[in-house]
Amino acid sequence: IYTLSLHDALPILPDVRASSSDFAGTYASATLWRTGHAAQMYDIPAEEAVLAATGTPSWHLLIPFENPPAAAVLASPLSLLGSAVAYRVWTTLQLLLLLAAACLVVWVAPWPARRSWFMRVASVAIAAAGFCTVQLLIEGQWDGVAALGLAVAYVGWRRGWNLTAGVVFGFLFAVAKAHLAIGVLLFMAGRRDWRMLAGAALGALLSAGLALATVGPTGVGAFISAVLSPSYSPVLQMQNAEGLVASWLGAGTLSFAIGVVLSALALAGAVMIGNLSRNRRDLLEPALLAATALSLFGAQHL
């Protein structure tokens, strides 16, 4: 595993990334919503028309928006900016959210009394120093939002704010990348943490209510239809269980079936780990780490 410095990353963040990164899909649907075309937020030709107008290469116009409608609504202020400026503002925001998530975790984590502030700052720096941070800047996805949601859940467990933390967790993951949190939700169920789960359900309902209020039943229906449609991404490009097996056996029915079984086992493992750590406060950190890894491994479309 290697990392890239910011100096190395800057040359690979030209303006063309604004119109060809994954953020371009969010930008297109946010533009459609802001201009009164909420019913077309998930319409591929309409999205491609917006992307073509921003300078997206003709060979890369297929960047569909696959997040819930609330995501486009929340990102809509950036559609007032040019695509290049919006892309840079967005990636900066995601990076700041990632740093905020790391700071929250360091703030509430149990530290030995002799640990200095330098160790805490170093922990935040190490957390942000991975290759995936550069990938976040390049692709412009919603990972900063997801990281913050997970960090808030951890804060809730450490400080006893389960219900409130659950609401924030549920809302942030319901806005985007809900599939990444399935294992963490099962971890909560294994811990019998009904307050956190109730909060997560309430947060998801708030996100759904925002979507219904801003795009109407038609927009929500379009999202559901888009989710049920086959993914355009080849399984060999996935980094979850299915992608791992396909890298060994090649894409096909057998490798997909094996991947599904592995995903199910991973999610079942998250439940088991939650149950084992339910009455062991000292096991919270390693248990949550393991459950998060299993949640990602078992997630579809990773």
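What comes next is a walk through the structure. (Residues numbered from 1 in each chain as written. Predicted model: local features only at pLDDT ≥ 70, side-chain atom pairs only at ≥ 80, totals over all residues. Heavy atoms only, no water.)

We now examine the pattern of salt bridges. Scanning the model with the defined rule gives two salt bridges in all. Between Glu285 and Arg158 there is a salt bridge, and its shortest N-O distance comes to 2.9 Å. Of this pair, Glu285 sits in helix α15 (residues 284-298) while Arg158 sits in helix α9 (residues 143-159), and the two are 127 residues apart along the sequence. (Salt bridge = Lys/Arg side-chain N within 4 Å of Asp/Glu carboxyl O. Helix = DSSP H or I, 4+ residues; strand = E, 2+ residues; numbered from the N terminus.)

Membership of the largest hydrophobic core comes to 60 residues, with the highest contact counts inside it found for Phe23, Met41, Trp142, Trp157, Phe169 and Phe187. Ranked by the residues each element gives to this core, the list is headed by α9, at nine residues. Those residues in contact with Phe23, other than ones at most four positions away along the chain, are Leu78, Ala86, Tyr87, Trp90, Glu139 and Gly140. (Core = buried A, V, L, I, M, F, W, Y, C linked by side-chain atoms within 4.5 Å. Buried < 20%, exposed > 50% of the residue type's maximum accessible area, 1.4 Å probe, protein only. Contact = heavy atoms within 4.5 Å.)

Our focus in this paragraph is the packing of helix α13 (residues 241-249) against helix α14 (residues 253-276). For the pair α13 and α14, the least separation of the axes is 8 Å and the interaxial angle reads 145°. For the pair α13 and α14, the crossing hand works out as right-handed. Contact residues: α13 offers Ala241, Glu242, Val245, Ala246 and Leu249, while α14 offers Ser255, Phe256, Ile258, Gly259, Val260, Leu262 and Ser263. The residue makeup of the contact of α13 with α14, split by class, is eight nonpolar, three polar and one charged. (Axes fitted to C-alpha atoms, helices over the stretch in contact; angles between N-to-C directions. Left-handed = near helix turned anticlockwise from the far one by under 90°. Nonpolar A, V, L, I, M, F, W, Y, C, P; charged D, E, K, R; others polar.)

A few words now on the packing of aromatic side chains. The description of two aromatic rings rests on the distance between their centres and on the angle between their planes. Counted according to the given criterion, the structure contains eight aromatic pairs. On the numbers, 4.6 Å between centres and 70° between planes, the contact of Trp90 with Trp142 is edge-to-face. Of the two residues, Trp90 is situated in helix α6 (residues 83-108) and Trp142 in the loop between α8 (131-139) and α9; the sequence distance between them amounts to 52 residues. Assigned by exposure class, Trp90 and Trp142 land together as buried. An aromatic cluster is defined as three or more aromatic residues linked by ring pairs; in this entry it consists of Phe23, Tyr27, Trp90 and Trp142. It is Arg159 that lies over the ring of Trp107; its NZ or CZ is 4.5 Å from the centre. (Phe/Tyr/Trp six-rings, centres within 6.5 Å; stacked < 30°, edge-to-face > 60°. Lys NZ or Arg CZ within 6 Å of the ring centre and 35° of its normal.)

Its identity as a non-glycine residue notwithstanding, Lys177 has a phi of 65°, on the positive side. Of note, Lys177 is situated in the loop between α10 (162-175) and α11 (182-190). For Lys177, a relative accessible area of 12% gives the class buried. Of note, Arg192 is a non-glycine position whose phi angle comes to about 60°, a positive value. Here Arg192 shows up in the loop between α11 and α12 (194-228).

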